[in-house]
Amino acid sequence: MSLRFILDPELTPHLRAEIVALWVDVTNAGGAVGFVPPVTTADVRATADPTFAGIADGPDRLLLGYANDRLVALLIFSDNRFGLKAHWCVLKRVMVHPDTQGSGYGSALMREAARLGRELGREALHVTVRDGLGLDGFYRRLGYREIGRLPGALRLAPGDDRDEVLMWLDLMPTD
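Looking now at unusual backbone geometry. Here the residue pair proline 37 and proline 38 is connected by a cis peptide bond, since its omega of 0 degrees sits within 30 degrees of zero. Here the bond from glycine 58 into proline 59 is cis, since omega is 10 degrees, no more than 30 degrees from zero. Tracing the sequence through the fold places proline 59 in the loop between helix 2 (41–56) and strand 2 (61–67). Unlike most non-glycine residues, aspartate 8 shows phi in positive territory, near 60 degrees. Along the chain, aspartate 8 falls in the loop between strand 1 (4–7) and helix 1 (13–28). Residue arginine 81 is not a glycine yet carries a positive backbone phi of 55 degrees. Structurally, arginine 81 is set in the loop between strand 3 (70–78) and strand 4 (88–96).

Here you go:
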């Protein structure tokens, strides 16, 4: 089954609730999307609401992936809000529903992000990854390269510090 993508949907109350539910499910399954499990809807909503404001009021953009009519994937094109960095953006909250893992939806989502990035005039995409989950390998297979690490930048629990891995995808053709 392939995904149907929607860029910049209207953020209705129903869609906001669907996004928060996906975010909770991904986090509680161990996904690295800004929290450590367990989380509740209220926990995620506290972060989601300002995120929604950045999308609804701009300049951030939301990409959703649907399998039939079910929301199963999303990411945010986060604007750098700094003129000298206007030629690239950060992908945030990249997530695929845990019960669809292994379906190729993550790769499809990232290929669509690269396609849209080019269409939107971006020259590169940047994503940060929590070390220790093998996510850097996923991004490498999609053409991203590691450009740096922030050692121990993410404290998941006392005694469990992880590197934040910085990944970069050039969108401009190389000669």
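Following the structure, the description resumes.
Its place among the elements puts arginine 122 in the loop between helix 3 (105–119) and strand 5 (124–130). Look at arginine 122 and you get buried, because its relative accessible area is 14%. At 3.4 Å, the side chain of arginine 122 forms a polar contact with the side chain of aspartate 79. Here the side chain of arginine 122 touches alanine 86 through a polar contact of 2.9 Å, landing on its backbone oxygen. Ignoring any residue separated from it by four or fewer positions in sequence, one finds arginine 122 in contact with Asp79, Ala86, His87, Trp88, Cys89, Gly117, Leu171 and Met172.

So, on to the environment of alanine 114. One can find alanine 114 in helix 3. Exposure remark for alanine 114: the relative accessible area of 8% places this residue in the buried category. Sequence separation between alanine 114 and leucine 142 is 28 residues; the distance between their C-alpha atoms is 9.7 Å. Beyond its immediate stretch of four places on either side in the chain, alanine 114 contacts Leu125, Leu169 and Leu171.

About the criteria used
Residues numbered from 1 in each chain as written. Predicted model: local features only at pLDDT ≥ 70, side-chain atom pairs only at ≥ 80, totals over all residues. Heavy atoms only, no water. Helix = DSSP H or I, 4+ residues; strand = E, 2+ residues; numbered from the N terminus. Buried < 20%, exposed > 50% of the residue type's maximum accessible area, 1.4 Å probe, protein only. Polar contact = N/O pair within 3.5 Å; in protein donor to acceptor, adjacent residues only side chain to side chain. Contact = heavy atoms within 4.5 Å.

So yeah, pure geometry; function would need other evidence.
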